[in-house]
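# Architecture and fold: a report
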Amino acid sequence: MKLVTIVGARPQFIKLAPVSRALRQADIQEIIVHTGQHYDHGMSTVFFDELEIPEPDYNLGVGSGPHGGQTGEMLKKIEDVLLAEKPGWVMVYGDTNSTLAGALAAAKLHLPVAHVEAGLRSFNRQMPEEINRVLTDHASDLLFCPTETAVKNLANEGIAKGVHLVGDVMFDGLLDARERASERSVILKRLGLQEKGYFLATVHRAENTDDPARLKSIMSALSQLAETKPVVFPVHPRTEKALVNLGLLPNDVFRSPDSAFSFPLSALQFTAPLAYLDMVRLSASASAILTDSGGLQKEACWLGVPCITLRDETEWVETVEQGWNVLAGAETAQILAGVEKQIQGPKPKAPQVETCAARTIAVTLHKNDA
C-alpha cells in the first residue's frame, strides 16, 4: 500500500511524527510531501530532526503568500506529485492551506483522502482555518476524529460514512516529546527561568495579528503580567512583522542584545520560534500559558498547566469543559481576569486520554486499502 502524506506547517510536523512511525510499523509505504508553507529552520527543519521524521520525499517550496495564491500554487504542485506517484491514499492533517490543497488535489484526481484531526469546528467562518476544515472534511473518505465532539460535528453536517473516533495523535507525540525534552532541552537554563516561575505566551492567528486593536490589547495584558513574573514570548514571523509595523518591536530584536533597546514591550522576554522539545519543556514548566494556538491549548491541558486562550471561541471545547482552559478573548481586562482565575482557582482533575491514535489510524488504513 502506498500513501502520500501532505504537510507544510509546524503543527502538522508534530502530528506526523507518531503517525509516520505507526505507518512504517504497519508496512505502509509513505511518501512525504512538504509544501513549504513553513520553511525556515525554526519552523520546519528542526522538527524533522528532533522528532526523527523521515526527510520529505518532495519539498514544494511554496512559501508564504496570500491565501488564494498560496493554496493555488500548492494545488498545482501537489497534483503533479500525485500524478507521478499514483498512491492508493492521500493523507492530510489539521486545518492549514496545505491541508485543503492536498485534499482538493486528491479529490480532483479521484484519489481517496484521509483527514487526521477531522470534525473540529470553531463555528467562526471568519477564520481561514475553519473554511479549510469544513471543505477538507467534505472531500474526505476517511475522517479520523480526535474527540466525540468532532464526531458529532460531522454528523450534524451529514457526514457519517468513514468517520472513526481514534483519539488525538498529538497526545501520542507529546508523551514521547516530553521524555526527550526532559533529557535534552536546556531552555530553562538558557533563558534564566525557574520552574513555575514564568508565563509562556504565543500569538499567531490572523484574527489577532491582523487586527491592531486586538493585538495591542493582548500585548498590554502581557506587559502588565510581566510586572509580576517573566513572560516568555516566542514570536511567530507573522506576529513579529505586525508588532514591528505597530512600532511595538524593533526590526532587529533577535540580532542585537535586548539591553540595547528601549521599546514599548521591552518587559517581555522575546525569543525567535523555538524547537518543539524546547517548547514542550517551557510549556510543562510554566505557571500558565496564554495562547491562541489550538495545539498549545491541548498540550497545556495534558501537561496540567492552566491555559488562557486569546480567542473568543475554541475548537477544543473539551479543554474548557475540563477546567484547564478559559476563553479570554483579546480584551486586556478579560485576559488578566482569566489569568487570575486559572492561577488562583482549584486545579481540575487530570484528563484521561487514549494513547493509541496513531496505531489505530494505520490499522484503519490497512483495512480500507483498495
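Refer to the structure printed above.
Only a predicted model underlies this, so the values are computations on that prediction, with no experimental measurement involved. (Residues numbered from 1 in each chain as written. Predicted model: local features only at pLDDT ≥ 70, side-chain atom pairs only at ≥ 80, totals over all residues. Heavy atoms only, no water.)

## Focus: the overall build of the protein chain
In plain terms, the rule: A run of H or I in DSSP counts as a helix once it spans at least four residues, and a run of E counts as a strand once it spans at least two, with each numbered from the N terminus. In this description the radius of gyration comes from C-alpha coordinates, and the expected globular size is given by 2.2 Å times residues to the power 0.38. Relative accessible area decides the class of each residue, using a 1.4 Å probe on protein chains only: under 20% of the type maximum gives buried, over 50% gives exposed, and in between gives partly exposed.
Check the secondary structure of the protein chain and you find 16 helices and 13 strands. For the protein chain, whose C-alpha radius of gyration is 20 Å, the value lies close to the compact-globule estimate of 21 Å for 370 residues. C-alpha extents for the protein chain along the principal axes are approximately 60 × 40 × 40 Å. Counting across all 370 residues of the protein chain, residues that qualify as buried make up 58%.

## Some thoughts on the sheet that holds strand S11 (residues 288-291)
Remark on secondary structure: sheet strands pair via backbone hydrogen bonds, oriented parallel or antiparallel. Note the following rule: Two strands pair under a simple rule: DSSP has to find at least two bridges between them. Helix axes are fitted to C-alpha atoms over the stretch in contact, other axes to C-alpha atoms as well, and angles between N-to-C directions run from 0 to 180 degrees. Should any heavy atoms of two residues lie within 4.5 Å, those residues are considered in contact.
Strand order in the open sheet made by the 6 strands is S10-S9-S8-S11-S12-S13, with parallel pairing throughout. Two strands bound the open sheet, and with one partner strand each, they are strand S10 (269-271) and strand S13 (325-327). Across the sheet, the axes of successive neighbouring strands diverge by a mean angle of 20°, strand direction being ignored. Sheet topology note: the strand S9 (residues 231-234)/S10 ladder contains 3 bridges and is parallel. Following the sheet pairing, Phe-233 is matched in S10 by Phe-270. On top of the sheet, helix H12 (residues 276-285) reaches strand S8 (199-202), S9 and S11; it is set at about 130° to S8, its chief contact.

## Quick look at the pattern of salt bridges
Our working rule: The rule for a salt bridge is simple: a side-chain nitrogen of Lys or Arg has to be within 4 Å of a carboxyl oxygen of Asp or Glu.
A full pass over the atoms with the stated rule returns 20 salt bridges. Between Arg-214 and Asp-312 there is a salt bridge, with the nearest N and O atoms lying 3.2 Å from each other. Taken together, the positions of Arg-214 in helix H10 (residues 212-225) and Asp-312 in the loop between strand S12 (307-309) and helix H14 (317-321) put the pair 98 residues apart, joining distant regions of the chain. Relative accessible area serves as the criterion here: at 17%, Arg-214 is assigned to the buried category. Where Arg-311 meets Glu-315, a salt bridge forms, and the shortest distance between an N and an O atom there is 2.7 Å. Among the charged side chains, a network of salt bridges with common partners joins Asp-95, Glu-129, Glu-130, Arg-133, Arg-205, Glu-207, Arg-311 and Glu-315.

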